[in-house]
Amino acid sequence: MSHKATILMLTNSAGGLCHFRFELVERLLSEGYSVFFSVPNNSEDIYVKKLKEIGAQHIFTKINRRSTNPFIDILLFFKYIKLLKKIKFDIVLTYTIKPNVYGGIACNILKIPYIANITGLGSAVENKSILQNISLFLYKIAFKKVKHVFFQNSENQEFFFKNNIAIHNNYLLPGSGVNLKKFDILDYPIESECIKFLFISRVMREKGIDYYLEAAKYLKSKNPNFEFHICGACDDSYQNIIKASTKDGIIIYHGRVPNVRDYLKFTHCTIHPTYYPEGMSNVLLESAASARPAITTNRSGCREIIKDGVNGYIAEQKNSRNLIEKIEKFIGLSYEEKKQMGLNGRKMVEDKFDRNIVIDAYMKTIKNILSGN
């Protein structure tokens, strides 16, 4: 098959690419595009192997995701320049902050069309600081000649508009969408006395872990039969706290898990007390698609998915008392009401968050760019 065009995907993790954009890679390959992906994962990485198996080509590019050191970031920019000069790419797709910014600037300089995706603002951009000013300045340079920007929620879109960035050629997507075949309806587990809750996320402050632990401790003291599960890699600062909470029987910690469905299967409700600047919460999308109610916070990327009293509850951010009240409200529902909440979530995801909506938007935009529109 002769290739229509050569596409490069720049992102900060092969895992994210595999979990949220695998179907886009498949579609591009099936339609005759040549696809390369540049990530900081080596060739032995499980996700890199998975992408290579379907025909995508891997390029290793080291990215320090959390560094705010400008010299390290300038190095990343030069790596992207070198990469873009080495292979003739027709279009570049960028995801996450550093690939968006430094990949975008590199594409500008080399006159390569690119499509950016704002997967969330991140703390550095959302909170007022010198770092925010620098980040916005870099975004302005990066998006000066961007062909198209996809936003994952309207709040992020408005933030960029307010700062006069990417006000043309942009489109609002339903996050990364969710694969409705992979995340199909799971039978609602039998309840008896034991209601099981699930926190799915990296164990870090901004994801609301402190509030989940506080709620778990309080509710376990009232009913020791409740179970509070955690799935996700643990930040160093929380290692001892998680160990102590596990030892005290407050939580059951599973670490990073390969398939979250194995845990959604036996739990009754997902709790996502985040105050992290989300794009669109994949935790909530996958839980809702699996017909699980969820309790989350009133912020963009969460409230679009969970409607209070319909498919879960919305709690105030950074408020453990309010979070506990919402969990108690959920506990007080009948088994049938809990089950129905989960089914309501599934219906919402089917209507608004099917991943095919995202893939179709990308395919249409790519074809428009290649045809000179």
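What counts, and at which threshold
- Residues numbered from 1 in each chain as written.
- Predicted model: local features only at pLDDT ≥ 70, side-chain atom pairs only at ≥ 80, totals over all residues.
- Heavy atoms only, no water.
- Salt bridge = Lys/Arg side-chain N within 4 Å of Asp/Glu carboxyl O.
- Helix = DSSP H or I, 4+ residues; strand = E, 2+ residues; numbered from the N terminus.
- Buried < 20%, exposed > 50% of the residue type's maximum accessible area, 1.4 Å probe, protein only.
- Contact = heavy atoms within 4.5 Å.
- Polar contact = N/O pair within 3.5 Å; in protein donor to acceptor, adjacent residues only side chain to side chain.
- Pairing = 2+ DSSP bridges.
- Axes fitted to C-alpha atoms, helices over the stretch in contact; angles between N-to-C directions.
- Parallel < 35°, antiparallel > 145°, perpendicular 65-115°, else oblique.
- Nonpolar A, V, L, I, M, F, W, Y, C, P; charged D, E, K, R; others polar.
- Phe/Tyr/Trp six-rings, centres within 6.5 Å; stacked < 30°, edge-to-face > 60°.
- Lys NZ or Arg CZ within 6 Å of the ring centre and 35° of its normal.

Trainee: Talk me through the pattern of salt bridges; I want residue IDs and the actual numbers.
Mentor: All chains considered together, the criterion is met by 19 salt bridges. Across the pair R205 and D210 runs a salt bridge whose closest N-O atoms are separated by 4.0 Å. Salt-bridge contacts for D351 lead to K347; the nearest nitrogen and oxygen are separated by 2.7 Å. Residue D351 and its partner K347 are located together in helix α13 (residues 335-352), separated by four residues, close to a single helical turn. Taking the relative accessible area as the measure of exposure, K347 reaches 46% and is therefore partly exposed.

Trainee: How would you sum up the environment of Y212? Please name residues and give values.
Mentor: By the secondary structure assignment, Y212 is in helix α8 (residues 209-222). With 82 residues separating them in the primary sequence, Y212 and I130 have C-alpha atoms 31 Å apart. Each residue touching Y212, except ones within four places of it in the same chain, is listed here: F197, L198, F199, F228, H229, I230, I271, P273 and L323. Within the local environment of Y212, its side chain forms a polar contact with the backbone oxygen of H229, the two atoms lying 2.8 Å apart.

Trainee: Can you break down the sheet that holds strand β13 (residues 312-315) residue by residue, with the values?
Mentor: Paired through backbone hydrogen bonds, the strands of a sheet run either parallel or antiparallel to each other. Taken together, the six strands give an open sheet; going across it, the order is β10-β9-β8-β11-β12-β13, and neighbouring strands pair in parallel fashion. In the strand order of this sheet, the two ends are held by β10 (252-253) and β13, each with one partner. Sheet analysis places strand β8 (residues 196-200) next to strand β11 (residues 269-272), joined by two bridges and oriented parallel. Across the sheet, the residue bridging to L198 is T270, located in β11. Where α8 meets the sheet, it contacts β8, β9 (227-231) and β11, and its direction lies at approximately 160° from that of β9. Of the strands in this sheet, β8, β11, β12 (294-297) and β13 touch helix α12 (residues 320-331), which is tilted by about 165° from β13.

Trainee: If you had to explain the packing of helix α11 (residues 282-289) against α13 to someone new, which residues and values would you point to?
Mentor: Contact geometry for α11 and α13: axes closest at 7 Å, N-to-C directions at 115°. Between α11 and α13, the interaxial angle falls into the category roughly perpendicular. Here α11 contributes L285, A288 and A289 to the contact with α13, which in turn contributes G342, G345, R346 and V349. Here the contact of α11 with α13 is built from residues that sort into four nonpolar, two polar and one charged.

Trainee: An account of the environment of K145 is requested, with residue identities and associated values reported.
Mentor: Within the secondary structure, K145 sits in the loop between α6 (130-142) and β6 (148-151). Between the alpha carbons of K145 and I109 there is a distance of 9.6 Å; along the sequence they are 36 residues apart. Sequence-distant contacts of K145, that is, excluding residues within four places in its chain, are made with N108 and Y114.

Trainee: Please set out the packing of aromatic side chains residue by residue, giving values where relevant.
Mentor: For the structure shown, the criterion picks out 18 aromatic pairs. Ring plane angle 25° and centroid distance 6.1 Å describe the contact between F143 and F160, whose orientation is recorded as stacked. Taken as a pair, F143 in the loop between α6 and β6 and F160 in helix α7 (residues 154-162) lie far apart in primary sequence, 17 residues in all. With a relative accessible area of 5%, F143 lands in the buried category. Seen from their ring centres, F159 and F160 are 6.2 Å apart, and the 70° between their planes marks the pair as edge-to-face. Judged by its relative accessible area of 15%, F159 falls in the buried class. Accessibility expressed as a relative area gives 1% for F160, which makes it buried. Grouped by ring-pair contacts, the aromatic residues Y139, F143, F151, F159, F160 and F161 constitute a single cluster. The ring of Y218 carries R321 above its face, with NZ or CZ at 5.4 Å from the centroid. Sitting over the ring of F330, K338 keeps its end group 5.5 Å from the ring centre.

Trainee: Describe the side chain of N153, naming the residues involved and giving the relevant values.
Mentor: Summarising the element assignment, N153 is placed in the loop between β6 and α7. Polar side-chain contacts of N153 include one of 3.2 Å to the backbone oxygen of E278. A distance of 2.5 Å separates a polar side-chain atom of N153 from the backbone oxygen of G279. Aside from chain neighbours lying at most four places away, what touches N153 is L172, E278, G279, M280, S300, G301 and E304.

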